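Each chain, letter by letter, is given below.
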Amino acid sequence: MTHLLVSAGTRSAAQAGLVAAEAGGNAVDALVAAVAASWVCEPGMTALGSAGIALVRPAGEQPVLIDGLTAMPGLGGHVGDPPGGHIITMPYGPGVQTGVGPGSVAVPGGLAAIDMLHRQWGALSWAEVLSPAINLAREGFPYPSVSAAYLPLSGKPIYDLTEGSKAIWRRGDGTPRAAGDTTQLPDLATNLERIAVEGAELFYAGSLGEKIGNWIVEHGGACGPKDFAAYRAEQRKPVHCDDHGWSISTCDTIGGSALLEMLAGFSEVPAGDCDESAKLVRVMAAALDRRDDTLRRASSSTTHICAVDENGNACSMTTSTGYGSGVVAPGTGIMMNNMLGELELLPDGPNVLKLGERLPTNMTPMIAMKEDSVVALGAAGADRIAPSMAQTWRGIATGHLPAAQAVNGPRFHVRTTNEGPVLDYEPGFDPTGVDMPNNPFETPHMFFGGVQVAMRTSDRTLQGGGDSRRGGIALSTHA
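Some remarks on the pattern of salt bridges
- Taken as a whole and judged by the stated rule, the model has 19 salt bridges.
- Of the charged contacts in the structure, one is a salt bridge between glutamate 201 and arginine 119, with a shortest N-O distance of 2.7 Å. Here arginine 119 lies in helix α3 (residues 110-121) and glutamate 201 lies in helix α8 (residues 201-204), a separation of 82 residues in the sequence.
- Across the salt bridge formed by aspartate 252 and arginine 236, the nearest N and O atoms sit 2.6 Å from each other. Of this pair, aspartate 252 sits in the loop between β10 (246-250) and α11 (254-267) while arginine 236 is found in strand β8 (residues 234-236), placing the two residues 16 residues apart along the sequence.
- Assessed through its relative accessible area of 44%, aspartate 252 is described here as partly exposed.
- Here arginine 236 falls in the partly exposed class, since its relative accessible area comes to 25%.
- The network of salt bridges with shared partners includes Asp67, Glu234, Arg236, Asp252 and Arg358.

Below you can see the structure in the form of structure tokens.
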């Protein structure tokens, strides 16, 4: 058994990683197992038809970026509705508009990304790393509280669009699932079993991808079998910066650019400075303002998983299906993304993209290294991803906080409105000196993102933190 730690959005997903460890798997195996499990047991947050982006740091080597982001379809032509889907409004916050249905589906890359991770750095067989997810789908998992809170908001306008997606959030009698309900997804279990035997190719170049792609095109979408077959995950170099003696690697995404700017600005503000809060708020406001000049904010659902083992292997991965398209092709159990319908990411519509071009994202996993220490860190939470990560990292790097304490410390966020910026903050954050309207929250809230951290210190001790705001948890094997 490998001594490792997994931090995930649910206990079920984290335990799937430990199953891989008990079979002798390394941190990459644990992460792949946990990600696949999250596609089962985190409905509304992520799914197999997702986007995914990861950083992996093999022990003793430099981090590598694995790009499994969704792509613009159309390689097989498009004669249906305009790409982007039909627009619905969800009663989420002030009301969120997004495109859903077959026309909103972009080419999914999450499965290709974990397949690449497993092939290059995994120690277990493909069937072994998918086994925990299959068991959860077949035997049942406790419905998570975050899904029980979110899906009643998106269920009717999105998840009721197809019979397969209804089964994800409704009980047999039609009522919404509640937190803790034992939930089985037999169609998804069957197709995960097929993928475990036949490989990820079944979903891309095989009969499963053909079935899903044909259904999408027949119902007015553009993401057809040729798009599935043409998709490839990509391996690239991450972007880097130095902070407080740590070498940090992250992604060349919209979120990654904002994160790097915040880290640089935060590093110039000493911990305990008499004007610390106001200075940090100004840094965040400037970084987010520059990001928003380039592209609007995104507010879709995501989940993040981190893993690290005693040998120094580390992996950090974020996946997302956006708000979900409502598309589950009959008999598949696989929810598809609605990335083409993300108005926050594509304010001018998806036709601005070239065929096969990767879609923009706020997702930005991170790995930090210092001597023999390594930290895998990332977050869910759309436009709060980079801010929540920067604040958590500041606690670790400058406050020398244990990972769990840094993850669950008080947070703030500078929110853009038509009337100007607004400071949202949790109890424990001091807004003194901040020159903008304040909006205090009464308790810690999932609005501020869901950060996960997995860390190996220089003495080979493992520690981690799962964000309690979104039901996160860090679990480890026994040394």
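Focus: the packing of aromatic side chains
- Evaluation of the coordinates by the stated rule reveals nine aromatic pairs.
- Centroid distance phenylalanine 203 to phenylalanine 228: 5.5 Å. Interplanar angle 80°. Geometry classified as edge-to-face. In this pair, phenylalanine 203 sits in helix α8 while phenylalanine 228 sits in helix α10 (residues 225-230), placing the two residues 25 residues apart along the sequence.
- On the accessibility criterion, phenylalanine 228 (0% relative accessible area) is buried.
- Between tyrosine 425 and phenylalanine 429 the ring centres are 5.9 Å apart and the planes differ by 50°, which places this aromatic pair in the tilted class. Across the pair, phenylalanine 429 and tyrosine 425 agree in class, each one buried.
- An aromatic cluster of three or more residues is present, and its members are Phe203, Tyr204, Phe228 and Tyr231.
- A cation sits over an aromatic face here: arginine 384 above phenylalanine 447, 4.5 Å from the ring centre.

As for the sheet that holds strand β20 (residues 473-476)
- The sheet built from seven strands is open, its strands ordered β8-β3-β2-β12-β11-β1-β20 with antiparallel pairing. On the outer flanks of this sheet lie β8 and β20, each paired with one strand and no other. Sheet twist, expressed as the average angle between the axes of neighbouring strands with direction ignored, equals 15°.
- On the sheet, helix α2 (residues 27-41) packs against β1 (4-8), β2 (51-57), β11 (301-309) and β12 (314-322) and is oriented at approximately 155° with respect to β11.

Structural notes on helix α13 (residues 385-397)
- Helix length check: α13 (13 residues) gives 18 Å between terminal C-alpha atoms against 18 Å at 1.5 Å per residue, within 8%.
- Extensive coverage of α13 is indicated by the burial of 13 of its 13 residues.

Notes on the sheet that holds strand β19 (residues 462-466)
- In spatial order, the strands read β9-β10-β13-β14-β18-β19; together these six strands make up an open sheet with antiparallel pairing. Every other strand in the sheet has two partners, leaving β9 (239-243) and β19 as the edge strands with one partner each. Taking the axes of each pair of neighbouring strands and ignoring which way they run, one obtains an average angle of 15° across the sheet.
- With respect to the sheet, α11 is in contact with β9, β10 and β13 (366-370), its orientation differing from that of β9 by roughly 15°.
- Contacting β9, β10, β13, β14 (373-380) and β18 (450-456), α13 runs over the sheet at an angle of about 150° to β14.

Cut-off values and rules
- Residues numbered from 1 in each chain as written.
- Predicted model: local features only at pLDDT ≥ 70, side-chain atom pairs only at ≥ 80, totals over all residues.
- Heavy atoms only, no water.
- Salt bridge = Lys/Arg side-chain N within 4 Å of Asp/Glu carboxyl O.
- Helix = DSSP H or I, 4+ residues; strand = E, 2+ residues; numbered from the N terminus.
- Buried < 20%, exposed > 50% of the residue type's maximum accessible area, 1.4 Å probe, protein only.
- Phe/Tyr/Trp six-rings, centres within 6.5 Å; stacked < 30°, edge-to-face > 60°.
- Lys NZ or Arg CZ within 6 Å of the ring centre and 35° of its normal.
- Pairing = 2+ DSSP bridges.
- Axes fitted to C-alpha atoms, helices over the stretch in contact; angles between N-to-C directions.
- Contact = heavy atoms within 4.5 Å.
- Expected span 1.5 Å × (residues − 1).

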